[in-house]
Amino acid sequence: MATLNALNPTSGPALPGDVRLMNATTAVLLGIAAIALAGMALLWVVRQPLFVVRSISVEGDLARNSVSTLRANVAARLSGNFFTMDLAEGRRAFESVPWVRQAVVNRVWPNRLAVRLQEHRAAALWVRDGAEDRLVNTYGEVFEANLGDVEDESLTPLSGPDGTSALMLTMLTRLRPVLAAMPAQIKALNLSGRGSWRVDLDTGAEVELGRGSDDEVVERTRRFVATVGQVISRYERPLEYADLRHNEGYAVRLRGISTTVETGPAIAPKRK
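Note that the structure is a prediction, hence the values are computed from the model and not measured.

### As for the nonpolar core
Counting residues in hydrophobic clusters, the biggest one holds 37 residues, and the most contacted among them are Leu175, Leu189, Val199 and Phe224. Among all residues touching Phe224, those that are not within four sequence positions of it are Met182, Val207, Leu239, Ala242, Leu244, Tyr250 and Val252. Counting residues in hydrophobic clusters, the runner-up holds 13 residues, among them Leu70, Val74, Met85 and Val100.

Okay, structure coming up:
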């Protein structure tokens, strides 16, 4: 042990425990003081007028909202400066503006915000309890907006259970070209709580499509469209109602006539 001490002249007797504790405590206190001073300095810096947000640039979809509209709706909800502003709250503020679907808010050094907007694009009306007061966008999402702002007066009303708007928009898109071969346009599309589909056509006819997967309903409709023209031509009466929920065919009601069309020839009509 004496030999090791001789070879390592820097080593010496260990410091007493209370001295080591005092040194450690002093180091900790100095560290805390340094952190506190740094925090105070940082707080002073971020409060300087240089970092007050002075401008907000907006890009993206601006068809429905002007800069003045955005300023009137959003400015009061933005607080803080470049460092302290809550970007999530800023995003929510912009997304609360009518017709804004999505907003991305970023800081731009040293005192600006850059916002990119995506607006809703109306694809259909959403009907609940008989009221057409909401819209469905191209993503199948229901949103609220002033219907007076909608230039397209041909939007199809969709009526179904909550949470089915995307499913209904997909079905609408698939059924349109099928029924156009009649020719007819979909005036309204309905989905019952039990999953049964019904379309109202611009010809005044109502068609019960029944239940099943999307492919089954579309294929059932396609078979109906392919043959119903022959029935209408045969009796020279306009279609009023059709029920496609039969296993082997469908029932139709022409003006003044009811008949059932099967896979083979039609059953003799029943005159009213």
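That shown, we press on.
### Brief notes about the packing of helix H5 (residues 165–179) against helix H6 (residues 214–235)
Axis separation between H5 and H6 bottoms out at 10 Å; the angle between their running directions is 20 degrees. In terms of axis orientation, H5 runs roughly parallel to H6. In this structure, H5 crosses over H6, and the sense of that crossing is right-handed. Contacts from Leu167, Thr170, Met171, Arg174, Leu175, Val178 and Leu179 in H5 reach Asp214, Asp215, Val217, Val218, Thr221, Arg222 and Val225 in H6. Of the residues belonging to the contact of H5 with H6, the class tally is 8 nonpolar, 2 polar and 4 charged.

### Section: the sheet that holds strand E1 (residues 55–60)
Pairing is mixed across the open sheet formed by 3 strands, whose spatial order is E1-E3-E2. One side of each edge strand has no neighbouring strand; the edge strands of this open sheet are E1 and strand E2 (100–108). Between one strand and the next, the sheet's axes are offset by a mean angle of 25 degrees, whatever the strand orientation. Note that E2 and strand E3 (residues 112–119) share 8 bridges and pair antiparallel. Its bridge partner lying in E3, Val108 is registered against Arg112.

The rules behind each value
- Residues numbered from 1 in each chain as written.
- Predicted model: local features only at pLDDT ≥ 70, side-chain atom pairs only at ≥ 80, totals over all residues.
- Heavy atoms only, no water.
- Core = buried A, V, L, I, M, F, W, Y, C linked by side-chain atoms within 4.5 Å.
- Buried < 20%, exposed > 50% of the residue type's maximum accessible area, 1.4 Å probe, protein only.
- Contact = heavy atoms within 4.5 Å.
- Axes fitted to C-alpha atoms, helices over the stretch in contact; angles between N-to-C directions.
- Helix = DSSP H or I, 4+ residues; strand = E, 2+ residues; numbered from the N terminus.
- Parallel < 35°, antiparallel > 145°, perpendicular 65-115°, else oblique.
- Left-handed = near helix turned anticlockwise from the far one by under 90°.
- Nonpolar A, V, L, I, M, F, W, Y, C, P; charged D, E, K, R; others polar.
- Pairing = 2+ DSSP bridges.

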